[in-house]
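Coordinates in review
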Amino acid sequence: LYGKKASLKEKLRFLIGFVPIMRDFFYVEGVSERVVEDPYVIGEVTKLKKGSNLLDFGCFSSQLPFQFASLGYKVFAVDYNNYGLTHPNLSFFKMNFLDNKFKSNFFDCIYAVSSLEHVGVGWYAQEKKGITDFKVVNEFKRVLKPGGKLIVTVPFGKYKVKKDEKTYDKIHLD
């Protein structure tokens, strides 16, 4: 391994990394795509004026709503699951996003980090029949101000629908 004598344990770990089934069995994932997504979203949102209205779609496991509220943005967070953090600039809504009462053209920015891919695949027991990612995106368009910023991150690769999420390809993103 890179010019040094490796222990048996190091050699096995190296080999396991090349066999996906074994890798998935032996390794607990400690780092997720959020290490790329969150800094990107932070960089884009902080270009907006303080006090801008932000919508966080699918906030359950994210620190972003709290961080943006702490920076002076007005954050509206939506999820089926409870959100554990509070802040005076943060309003949380436990609901189906398509049932929202937000005014049209209200948000300066909407971000959906690793959440849109779970819509419409049956992952959430609370999800209504017929909800789709397309319907959610159309609702984003309704509540986003003209010229507003929409930031969406999803898995990208070979198109696939699993029981908990979709992986998108170029055709399905258009």
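Everything that follows concerns the structure shown earlier in this document.
The paragraphs below set out a description of the structure included in this document.

**Some words on the nonpolar core**
Ranked by size, the top nonpolar core spans 19 residues in total, and within it Leu55, Phe57, Phe97, Phe102, Phe107, Val136 and Phe140 carry the most contacts. Setting aside residues up to four positions removed in sequence, Phe57 forms contacts with Val78, Phe97, Tyr111, Ala112, Val113, Ser115, Leu116, Val119, Val136 and Phe140. Counting residues in hydrophobic clusters, the runner-up holds 16 residues, among them Tyr83, Leu90, Cys109 and Val113.

**Notes on the environment of Leu173**
Tracing the backbone through its elements, the reader meets Leu173 in helix α6 (residues 170-173). By relative accessible area, Leu173 is classed as partly exposed at 46%. In the structure, Leu173 is positioned 14 residues away from Tyr159 in sequence and 10.0 Å away in space, judged by C-alpha atoms. Each residue touching Leu173, except ones within four places of it in the same chain, is listed here: Val154, Phe156 and Tyr168.

**Thoughts on the pattern of salt bridges**
For the structure shown, the criterion picks out seven salt bridges. A salt bridge links Lys47 to Glu44; the nearest nitrogen and oxygen atoms lie 3.0 Å apart. Residue class for Lys47 comes out exposed when judged on its relative accessible area of 58%. Glu44 sits in the buried class, given a relative accessible area of 17%. Two residues, Asp99 and Lys128, come together in a salt bridge whose shortest N-O distance is 2.8 Å. In this pair, Asp99 sits in the loop between β3 (90-94) and β4 (107-113) while Lys128 sits in the loop between β4 and α5 (133-143), placing the two residues 29 residues apart along the sequence. For Asp99, a relative accessible area of 35% gives the class partly exposed. Taken together, the salt bridges that share partners define one network made up of Glu44, Lys47 and Lys149.

**Considerations on the side chain of His118**
Within the secondary structure, His118 is located in the loop between β4 and α5. A distance of 2.6 Å separates the side chain of His118 from the backbone oxygen of Asp164, its partner in a polar contact. When neighbours within four sequence positions are excluded, His118 is seen to be in contact with Trp123, Tyr124, Glu127, Asp164 and Glu165.

Cut-off values and rules
- Residues numbered from 1 in each chain as written.
- Predicted model: local features only at pLDDT ≥ 70, side-chain atom pairs only at ≥ 80, totals over all residues.
- Heavy atoms only, no water.
- Core = buried A, V, L, I, M, F, W, Y, C linked by side-chain atoms within 4.5 Å.
- Buried < 20%, exposed > 50% of the residue type's maximum accessible area, 1.4 Å probe, protein only.
- Contact = heavy atoms within 4.5 Å.
- Helix = DSSP H or I, 4+ residues; strand = E, 2+ residues; numbered from the N terminus.
- Salt bridge = Lys/Arg side-chain N within 4 Å of Asp/Glu carboxyl O.
- Polar contact = N/O pair within 3.5 Å; in protein donor to acceptor, adjacent residues only side chain to side chain.

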